[in-house]
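For reference, the chains in residue letters:
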Amino acid sequence: MATTAPTERASDRTPEESEAAADTGGNGHVHSTERESREVAESARQTDWSETSFMRQFFEGDFRLDLIHPPPTPDPEEQARGREFLDRLTAFVRENVDGDAIDREGHVPEEVLDGLRELGAFGIRIPEEYGGLGLSQLTYNKALGIVSSRCASTGAFLSAHQSIGVPKPLTLFGTEDQKERFLPRIAAGALSAFALTEPEVGSDPANLATTAELSSDGSHWILNGEKLWCTNGPRAELMVVMCRTPPREGVKAKRPITAFIVETAQEGVSVEHECHFMGLRGLSNGIIRFQDVKVPAENLVGEEGGGLRLALVTLNTGRLSLPAFCAASGKQLLQVSRRWAAERNQWGQAIGKHDAVAQMLGSMAARTFAMEAGVELTSRMADAGTYDLRMEAALAKMWHSEVAWDVANDALQIRGGRGYETADSLRDRGEDPIPVERALRDLRINLIFEGSSEIMRLFIAREAVDTHLKVAGDMVDPSKPMGTRLKAAVRGGFHYAWWYPSRWIGWGRWPRYSEFGPLAPHLRYVERTSRRLARALFHCMVRFGGGLEKRQAVLGRAVDVGAEAFMMAATCVRARELVRENPDDRSSEELADVFCRGARIRIERSFRELFGPEDRATYEAARGAMEDRYAWLEEGVLEMASSN
């Protein structure tokens, strides 16, 4: 969590910061200081909360179930159009997409992409006025689930193209002229990409090295630099590129980062390397180099110096699609696991009747239902257009990616050797070619891209304590003058004299939420958890003060509480809706109950371990490892990287 710090001069730096600023990492790239990195990230944050945020209020101790129950109602006309599209998409994918072949060959055939183009699949979210299908986030996520259930690499083409590629930032920040020039092409299937990451830049944009200089006549910008891990990049026609631009009068940002639309056919754009990965082997991903690339001035997206905010907002909305991949995978793995558990006999009965396997299978079913509920709720909230979903999107991305990985791991364990064996090998020896091994590989990246789990926890934690920082942030900021800190202390005293006692007051007992029947106790628990979590965050602020941002493990546990509570609420709301639609089928309540029971155990564990008495010792062990103190432990093995 970063509080906005004053402008820093080189003379203001500590010796350690000066050393860090001079660190080139052996490659000529000068790294920013920790303070500079925080300043850049903080300056790009969305500071306003003009729309409702369910989770922001939850972290402040105010559980507003009315914001998500009943959930927003989908538009019937759009849903009808969406069903027709999804039916055609399902038929095409079933007949034309071979996930095993794509995984084996490391390439999605052009004819597959052409078929998707003909269906309009590259313009699902683009408005009809620009040649797209104009469908909802809910329909879009269902489409991603259908495609990725056969081949996650093919699904990634659609997602990278629409969720974070050119269409999203253009829709949010582009001019009408830009939309008219580019969106029809993109809707027709001109692949797009998003270029932010660099060899020295992952989640720290202060170290961005790609530059853009305005020509002397102001007609174009000249781009130079290199982008790493650019999904769709090697096959893209268009991409949004984040560049460092010179500070200029009238540009608000102190260290300007600006976004440009770049045509890959332009002179100076080249694919330097195509990357290959553990999973998503059909993904088109690589290193893109820009050498004196002339980009027309009218291709600047948003305002000069506003590129980082554009990137963050784009990623916020883009994260709404990744949970759809996770939920679809969970459904497939559950299907495979339950069938195998019923068919495979060991020790005189089906393996699913042995308690060890049954525990995994029952948990898989409950967690898969929770994943579906999370996707359904966040999609419908996005379509309503009345919510600020930056926290919900980040929580869903983090939680779904981690849970889907756990589900895949359990599925492989239930399938045993057949789970570890490749589909091709199973097919060659006459068994069902069920690609559990591929699913596990494909899912692992979800914990890393579009914001790693660790970064997501920090992002969510920063937003969770936003009100506290606004009220008392100056009080715990050591860079502030003593007078400013004293004023903040007085202001905070008045605020917390009311706020803190109110977090102890509330009715989280029977008969509240009784309309949820057997799930009501779980929602009452969520309501109590909201106030308890708000108090815990306040205690963290008091205990650690300005050092709280360094206690990332503590903040992560607080975020985990919020994530589990959010998923409990989403699961109960979805189960209630399904029962109302079909009162004779209460199976959704059964799954919601199992999930909530497990979530309560995980929440209580996080609260018990919140302050992490072992964190300091573990941190020191990490320092020791980096300083070669434990190098003796590595004796008897060879280096992983061969010199041959």
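Residues numbered from 1 in each chain as written. Predicted model: local features only at pLDDT ≥ 70, side-chain atom pairs only at ≥ 80, totals over all residues. Heavy atoms only, no water.

1. Here we look at the overall build of the chain
Then, number 1: Broken down by element type, the chain carries 24 helices and ten strands.
Then, number 2: Taken over the C-alpha trace, the chain has a radius of gyration of 25 Å; the compact-globule value for 644 residues is 26 Å, and the two agree within 12%.
Then, number 3: On the principal axes, the C-alpha backbone points of the chain span a range of 75 × 65 × 60 Å.
Then, number 4: Taking all 644 residues of the chain together, 54% fall into the buried category.
Then, number 5: Summing over all exposed atoms, the chain offers an accessible surface of approximately 29,300 Å²; the carbon and sulfur share of this is 52%.
Then, number 6: The average position of the 79 basic charges and that of the 95 acidic charges among the side chains of the chain differ by 7 Å. (Helix = DSSP H or I, 4+ residues; strand = E, 2+ residues; numbered from the N terminus. Rg over C-alpha atoms; globule rule 2.2 N^0.38 Å. Buried < 20%, exposed > 50% of the residue type's maximum accessible area, 1.4 Å probe, protein only. Areas by Shrake-Rupley, 256 points an atom, 1.4 Å probe, with all protein chains shown as cover. Lys, Arg positive; Asp, Glu negative; His and termini not counted. Charge placed at Lys NZ, Arg CZ, Asp CG, Glu CD.)

2. A few points about the packing of helix H22 (residues 552-581) against helix H23 (residues 587-608)
Then, number 1: Here H22 crosses H23 at 165°, and the two axes come no closer than 9 Å. Of the possible angle classes, the one that applies to H22 and H23 is roughly antiparallel. The element H22 and its partner H23 pack so that their crossing is left-handed. Here Arg557, Asp560, Val561, Glu564, Ala565, Met567, Met568, Thr571, Cys572, Ala575, Leu578 and Val579 of H22 lie close against H23, whose contacting residues are Ser588, Glu589, Ala592, Phe595, Cys596, Ala599, Arg600, Arg602, Ile603, Ser606 and Phe607.
Then, number 2: In terms of residue class, the contact of H22 with H23 is made up of 14 nonpolar, three polar and six charged. (Axes fitted to C-alpha atoms, helices over the stretch in contact; angles between N-to-C directions. Parallel < 35°, antiparallel > 145°, perpendicular 65-115°, else oblique. Left-handed = near helix turned anticlockwise from the far one by under 90°. Contact = heavy atoms within 4.5 Å. Nonpolar A, V, L, I, M, F, W, Y, C, P; charged D, E, K, R; others polar.)

3. Thoughts on the packing of aromatic side chains
Geometrically, a pair of aromatic rings is defined through the distance of the ring centres and the angle of the planes.
Then, number 1: This structure, assessed with the given rule, holds 13 aromatic pairs.
Then, number 2: Ring geometry for Tyr496 versus Phe538: centroids 4.7 Å apart, planes at 45°, classification tilted. Residue Tyr496 is found in helix H20 (residues 482-502), and its partner Phe538 is found in helix H21 (residues 520-544); the two are separated by 42 residues along the sequence. The exposure classification of Tyr496 matches that of Phe538, with both residues buried.
Then, number 3: Counting every residue linked through ring pairs, the aromatic cluster contains Phe54, Phe58, Phe59, Phe63, Tyr513 and Phe566.
Then, number 4: Across the ring face of Phe459, the terminal group of Arg319 is positioned such that the distance to the ring centre comes to 5.7 Å. (Phe/Tyr/Trp six-rings, centres within 6.5 Å; stacked < 30°, edge-to-face > 60°. Lys NZ or Arg CZ within 6 Å of the ring centre and 35° of its normal.)

4. Focus on the nonpolar core
Then, number 1: Among the nonpolar cores identified, the biggest contains 93 residues, and Phe59, Phe63, Leu333 and Phe595 are the most heavily contacted of them.
Then, number 2: Looking at which element gives the most residues to this core, the answer is H22, with 15 residues.
Then, number 3: When near neighbours in sequence (up to four residues on either side) are disregarded, Phe595 contacts Ala366, Arg367, Ala370, Trp399, Glu564, Met567, Met568, Thr571 and Arg602.
Then, number 4: Formed by 44 residues, the second largest nonpolar core is a distinct cluster that contains Leu86, Ala121, Leu191 and Cys243. (Core = buried A, V, L, I, M, F, W, Y, C linked by side-chain atoms within 4.5 Å.)

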